[in-house]
Amino acid sequence: MRTRAATVDDIGQIMEIISQAKTQMRRLGSGQWTDDYPSHQHIAKDISDGHGYVMTDDDGVVAYMAISFDGEPAYAPLDTSGEKIPYATAHRLAVADRAKRRGIATALMREAERIAKEAGITLLRADTNFDNAYMLRLFETLRFTYRGKVVYLSGERLAYEKRL
């Protein structure tokens, strides 16, 4: 497995993986991702902003994630101490059906930690819907700490962070 910056040539494979993830979420009763989110435009913007990353194997892209260093306005309520600590944010993690149950999501989140550390960042944040059992388990496995709820236009999310 190899992790690299996503390119526009990857968008087709990424969108197929996103579609598979949406289907799985619906099957499991999660309303986190909608028909409109994440969209082709979200992924294209991630890539143009330098935030999109893919994990690949010999057959192509097996997972996608956006890693941003721009801050997340929805996370402002988490900064209660007044101390402004720079952080990275992980968004839109999705794993291809053909690669599930192989530890790909865990490996990609560990890559997010590595990428953040290499950028001099010591805090990684992410959020998920209350009914996304896979992400909640992943946060527990990777020892993320629950920080509270954050609000987006699409609803409330549970926010987590990890000191690196």
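Basis of the calculations
Within each chain, residue numbers correspond to sequence positions counted from 1 in written order. Restriction of local features to residues with pLDDT of at least 70 applies here, the model being predicted, together with a cutoff of 80 or more for giving and counting side-chain atom pairs; totals for whole chains, interfaces and linings are based on all residues. Values reported for side chains reflect all heavy atoms of the structure, with hydrogen atoms and water molecules removed beforehand. Accessible area is worked out with a 1.4 Å probe on protein chains only. A residue is then buried under 20% of its type maximum, exposed over 50%, and partly exposed in between. Secondary structure follows DSSP: runs of H or I at least 4 residues long count as helices, runs of E at least 2 residues long count as strands, and numbering of each begins at the N terminus. A pair of strands is labelled paired if DSSP reports no fewer than 2 bridges between them. Buried Ala, Val, Leu, Ile, Met, Phe, Trp, Tyr and Cys residues form a nonpolar core when they are joined through side-chain atoms within 4.5 Å. We call two residues in contact whenever any of their non-hydrogen atoms come within 4.5 Å of each other. For this document, the term salt bridge refers to a Lys or Arg side-chain nitrogen within 4 Å of an Asp or Glu carboxyl oxygen.

Participant: Got a sec to walk through the pairing of strand 2 (residues 52-57)? Specific residues and values, please.
Facilitator: Along strand 2, five of the six residues are buried, which leaves the element largely enclosed by surrounding structure. In this sheet, strand 2 lies alongside strand 1 (residues 2-5) in antiparallel orientation, the contact comprising four bridges. By the bridge assignment for strand 2, Arg 2 is matched with Thr 56. Note: strand 2 against strand 3 (residues 60-68), six bridges, orientation antiparallel. Looking at strand 3, one finds that Gly 52 is bridged to Ala 66. Between strand 2 and strand 3, which pair antiparallel one after the other, the connecting turn spans two residues.

Participant: Would you mind going over the nonpolar core in detail, with residue names and values included?
Facilitator: Met 65 and Met 109 are the most contacted members of the largest nonpolar core, which totals 27 residues. Those elements giving two or more residues to this core turn out to be strand 2, strand 3, strand 4 (88-95), helix 3 (104-118), strand 5 (123-128), helix 4 (133-141) and strand 7 (155-163). At six residues, helix 3 tops the list of elements feeding residues into this core. When neighbours within four sequence positions are excluded, Met 109 is seen to be in contact with Met 65, Ala 90, Leu 93, Leu 124, Leu 138, Phe 139, Leu 142 and Phe 144. Ile 11, Ile 43, Val 61 and Ala 94 belong to the second-largest nonpolar core, a separate cluster that totals 16 residues.

Participant: Could you give an account of the pattern of salt bridges, naming the residues involved and the relevant values?
Facilitator: For the coordinates displayed, the defined rule picks out twelve salt bridges. A salt bridge links Asp 49 to Lys 45, with the shortest nitrogen-to-oxygen separation between them at 2.6 Å. With its nearest N and O atoms 3.9 Å apart, the salt bridge here joins Asp 57 to Arg 102. With Asp 57 in strand 2 and Arg 102 in the loop between strand 4 and helix 3, the pair connects residues that are 45 residues apart, well separated along the chain. Looking at Arg 102, the relative accessible area reads 44%, which means it is partly exposed.

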